[in-house]
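Each chain, letter by letter, is given below.
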Amino acid sequence: MSLKNFRICTFASSALLAMSLMPTLAIADDEHAPIGEKVNELPIFDAHIHYKEPAWEKYSVKNIIELMDSSGVAMGLVSSTPDEGTIMLWEYAPNRIVPELRPYHKDAGSSNWTKTENMEAYLAERLEKYPHKGIGEFHIHNLDTSDEPLFRKVIEMAKTRDISLHVHSGPEPIRWLYSLDADVKIIWAHAGLGEPAAEVYALMKEFQGLYADTSLRESAILGSGDGIDPDWKKIIFEFQDRLMVGSDTWVNGQWDSYSSIIASNRLWLSKLPREVAEKIAYKNAARLFKQKISMEQIGTR
Ligand SMILES: [Zn+2]
């Protein structure tokens, strides 16, 4: 799909955006003014995509890339249950997909993957075969320190390849992972999801290398007023070099609403100065994953 089509598809959401931005756009036009409607010109890196088995029939790999095209999503970090979903997408559109290895497959899921027999061998084999740029997204629902030997191996695999762990957990498991290895690269999925803004701020402050994706956080960030929630605004400005947006297509309903999810991410980005919006939209991801990200990728694969 061409850029022209992307513009047509986003016309409705742009019009809505323009309406909600009128008061802020009127105030100033210096470099700190919100980027406003021009946010629609920025490529998005979607740092939290899943292409799980139940999606494969309803959404072909072609459909997924077309959805990314029509939302101006130039690239995305994809992990899937099972990993075959990620590889299918990446093989179809290597110019658009950054693959990430999710441990879940067969009977291994979010609550038992660390106890699954041969997990280490499974991960090692997949990493050997495909160029994953991360290990995750995986969950640590309840920290069990007897899993330390496996996590030490996972950290070693990530560090050998200079790739990140993508972790869905509260703050405690993140602190524990850093206690095992202070230099491990971690992306905190959903910035913790259940954590209040104060906890997110504290953890991001404590670990200066910690990245986070803000998927499923759009309404918390937008808050109840016209701007951005004040506590989130503090997080966004202080940690602007370590945040990325995401959709979290964990169920088909998320794919059904993909364009509006990306539009609500653009809505909060539109309230930021261009420099900050660009970092969170795609530049942080470009640096972290060593990728060139631009609107020129739209319509390609
Ligand atoms: Zn997820």
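Residues numbered from 1 in each chain as written. Predicted model: local features only at pLDDT ≥ 70, side-chain atom pairs only at ≥ 80, totals over all residues.

Of the positions making up helix H11 (residues 230-238), those classed as buried are Trp232, Ile235 and Ile236. Looking down the long axis of H11, one finds its buried residues gathered within 95° of arc, a one-sided arrangement. Across H11 from its buried face, at more than 90 degrees, point the exposed residues Pro230 and Phe237. Buried residues in H11 make contact with helix H9 (197-206), helix H10 (218-222) and strand S8 (243-244). (Buried ≥ 20, exposed ≤ 12 C-beta atoms within 10 Å, placed from the backbone. Helix = DSSP H or I, 4+ residues; strand = E, 2+ residues; numbered from the N terminus. Arc of directions from axis to C-beta. Contact = placed C-beta atoms within 7 Å.)

Turning to the confidence of the model for the protein, a few remarks are in order. On average, residues of the protein carry a pLDDT of 92, and 90% of them reach 70 or more. Contacts for the low-pLDDT stretch residues 1-12, under 50 throughout, to residues beyond four places or in other chains number 18 contacts. Confidence over residues 22-28 falls short of pLDDT 50; this stretch has 7 contacts with residues more than four positions distant or in other chains. (pLDDT = per-residue confidence, 0-100.)

Attention now goes to the sheet that holds strand S2 (residues 73-78). In spatial order, the strands read S1-S2-S3; together these 3 strands make up an open sheet with parallel pairing. Where the open sheet ends on each side, the last strands, each with one partner, are strand S1 (44-49) and strand S3 (97-99). For this sheet the average axis-to-axis angle between neighbouring strands, irrespective of direction, equals 20°. Pairing between S2 and S3: 3 bridges, direction parallel. Paired with Leu77 across the strands is Val98, a residue of S3. Lying over the sheet, helix H5 (residues 83-92) contacts S2 and S3, oriented at roughly 145° with respect to S3. (Pairing = 2+ DSSP bridges. Axes fitted to C-alpha atoms, helices over the stretch in contact; angles between N-to-C directions.)

What follows is about the nonpolar core. The biggest cluster of nonpolar side chains holds 80 residues, and the ones touching the most others in it are Ile44, Phe45, Val167, Ile186, Trp188, Ala277 and Ala281. Apart from residues no more than four positions distant in its own chain, Ala281 is found in contact with Leu42, Pro43, Ile44, Phe45, Val245 and Leu269. (Core = buried A, V, L, I, M, F, W, Y, C linked by C-beta atoms within 7 Å.)

Of all the positions in H5, only Asp83, Gly85, Thr86, Ile87, Leu89 and Trp90 are classed as buried. Residues of H5 that are buried make contact with helix H3 (53-56), helix H4 (61-70), S2, S3 and helix H6 (119-129).

Pairing is parallel across the open sheet formed by 5 strands, whose spatial order is S4-S5-S6-S7-S8. Because the sheet does not close on itself, it has two edges, and the strands there are strand S4 (134-139) and S8. Relative to strand S5 (residues 164-168), S4 runs parallel, the two being bridged by 5 bridges. If you follow Gly136 over to S5, its bridge partner there is His166.

It is worth spelling out unusual backbone geometry at this point. Following Thr81, the chain continues to Pro82 via a peptide bond in cis, the omega torsion being -5°. Along the chain, Pro82 turns up in the loop between S2 and H5. With omega at -20°, the peptide bond leading from Gly136 into Glu137 counts as cis. In this structure, His190 takes a positive phi of about 55° despite not being glycine.

Quick look at the packing of H9 against H11 now. Here H9 crosses H11 at 15°, and the two axes come no closer than 9 Å. In terms of orientation, H9 lies roughly parallel with respect to H11. Note on packing geometry: the crossing formed by H9 with H11 is left-handed. From H9, Ala197, Ala198, Val200, Tyr201 and Met204 reach across to H11, where they touch Asp231, Trp232, Lys234 and Ile235. The residue inventory of the contact of H9 with H11, partitioned by class, reads 7 nonpolar, no polar and 2 charged. (Parallel < 35°, antiparallel > 145°, perpendicular 65-115°, else oblique. Left-handed = near helix turned anticlockwise from the far one by under 90°. Nonpolar A, V, L, I, M, F, W, Y, C, P; charged D, E, K, R; others polar.)

To continue, consider the pairing of S2. In terms of burial, S2 is largely enclosed, as 6 of its 6 residues are buried. Here 4 bridges tie S1 to S2, and the two strands are oriented parallel to one another. By the bridge assignment, Asp46 is partnered in S2 with Gly76. In terms of handedness, the path from S2 via H5 over to S3 forms a crossover that is right-handed. (Right-handed = clockwise from strand over helix to strand, strands pointing away.)

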